[in-house]
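An overview of the molecular structure
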Amino acid sequence: MENEVGHEIADALGLLLRRTTRTQLHKQLTEGMGEGVDELTYPVLSALARTGPRSAADLAPDVGVDRSGVTRRASRLEAAGLIRREADPDDRRAHLLVLTEQGQRAVAELRARLAAHIMASLSSWPPGEAEAFAQRLRRFTVEGPFT
């Protein structure tokens, strides 16, 4: 029986982690965000907001594409004024990708949209259930198999 719960959780995580699921969500969230922000560039913005300035090579595993893919997406974001490149103080040959003030505002808007999207999908849940789910999900990510 315990293994059945593990399978059920694994199946749900598999659905959440599918690239097509993430891409579809990112497309919905970025609609109307303006030049440079779309389902392809969203992961770069989001990762930079989580991690702070990083090189394209360091960011690639978090984004799920190779360094050149991050570089292409970063070029679009840079052209839109959402990120800038700065010399890496630890490696003169490398550059760090850094969110601009405009990029930080875009991330704040995207996070607000995501939170609203999540809350709308939980609106039919009984009182307290969404809060309990949030607490247990946080615990699972902190104490679970991802650490």
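Residues numbered from 1 in each chain as written. Predicted model: local features only at pLDDT ≥ 70, side-chain atom pairs only at ≥ 80, totals over all residues. Heavy atoms only, no water.

In the annotation of an unreviewed UniProt entry, the entry for the chain reads MarR family transcriptional regulator, and the organism field reads Streptomyces nigrescens.

Glancing now at the overall build of the chain. Helix and strand counts for the chain come out as seven helices and two strands. In terms of principal-axis extent, the alpha carbons of the chain reach across some 55 × 30 × 25 Å. The buried share of the chain, taken over its 147 residues, is 30%. At a minimum sequence separation of 6, the contacts of the chain that also span at least 24 residues come to 44%. In the chain, the 20 positive side-chain charges and the 21 negative ones have mean positions that sit 5 Å from each other. (Helix = DSSP H or I, 4+ residues; strand = E, 2+ residues; numbered from the N terminus. Buried < 20%, exposed > 50% of the residue type's maximum accessible area, 1.4 Å probe, protein only. Contact = heavy atoms within 4.5 Å. Lys, Arg positive; Asp, Glu negative; His and termini not counted. Charge placed at Lys NZ, Arg CZ, Asp CG, Glu CD.)

This paragraph deals with the UniProt feature "domain: HTH marR-type" (unreviewed entry) in the chain. Here the UniProt feature "domain: HTH marR-type" (unreviewed entry) sits at residues 10-142. Helix makes up 65% of residues 10-142 and strand 11%, and the two end C-alpha atoms of the span are 16 Å apart. (UniProt positions renumbered as here; feature names shortened; annotations may be inferred.)

This part takes up the nonpolar core. Counting residues in hydrophobic clusters, the biggest one holds 23 residues, and the most contacted among them are Leu 45, Leu 59, Ile 83 and Leu 97. Those elements that provide at least two residues to this core are helix H3 (42-51), helix H4 (56-63), helix H5 (67-79), strand S2 (91-99) and helix H6 (101-121). With five residues, the top contributor of residues to this core is H3. Those residues within four positions of Ile 83 in sequence are excluded, and the remaining contacts are Leu 45, Leu 48, Ala 74, Leu 77, Glu 78, Leu 97, Val 98, Leu 99 and Thr 100. (Core = buried A, V, L, I, M, F, W, Y, C linked by side-chain atoms within 4.5 Å.)

This part covers a nonpolar patch on the surface. Residues Trp 125, Phe 133 and Leu 137 make up a contiguous nonpolar surface patch of roughly 260 Å² in combined accessible area. Accessibility expressed as a relative area gives 41% for Phe 133, which makes it partly exposed. (Patch = residues over 30% accessible without salt bridge, like charges linked within 9 Å, V, L, I, M, F, W, Y side chains within 5 Å. Areas by Shrake-Rupley, 256 points an atom, 1.4 Å probe, with all protein chains shown as cover. Salt bridge = Lys/Arg side-chain N within 4 Å of Asp/Glu carboxyl O.)

Taken residue by residue, the chain gives an average pLDDT of 91. The fraction at 70 or more is 99%. Helix H1 (residues 2-17) is the least confidently modelled element of the chain, averaging 83 in pLDDT, while H5 averages 96, the highest of any element. (pLDDT = per-residue confidence, 0-100.)

Attention shifts here to the pairing of S2. Bridge count between strand S1 (residues 83-88) and S2: six bridges; the pairing is antiparallel. Looking at the pairing, Ile 83 lines up with Leu 99 of S2. Between S1 and the antiparallel strand that follows it, S2, lie two residues. (Pairing = 2+ DSSP bridges.)

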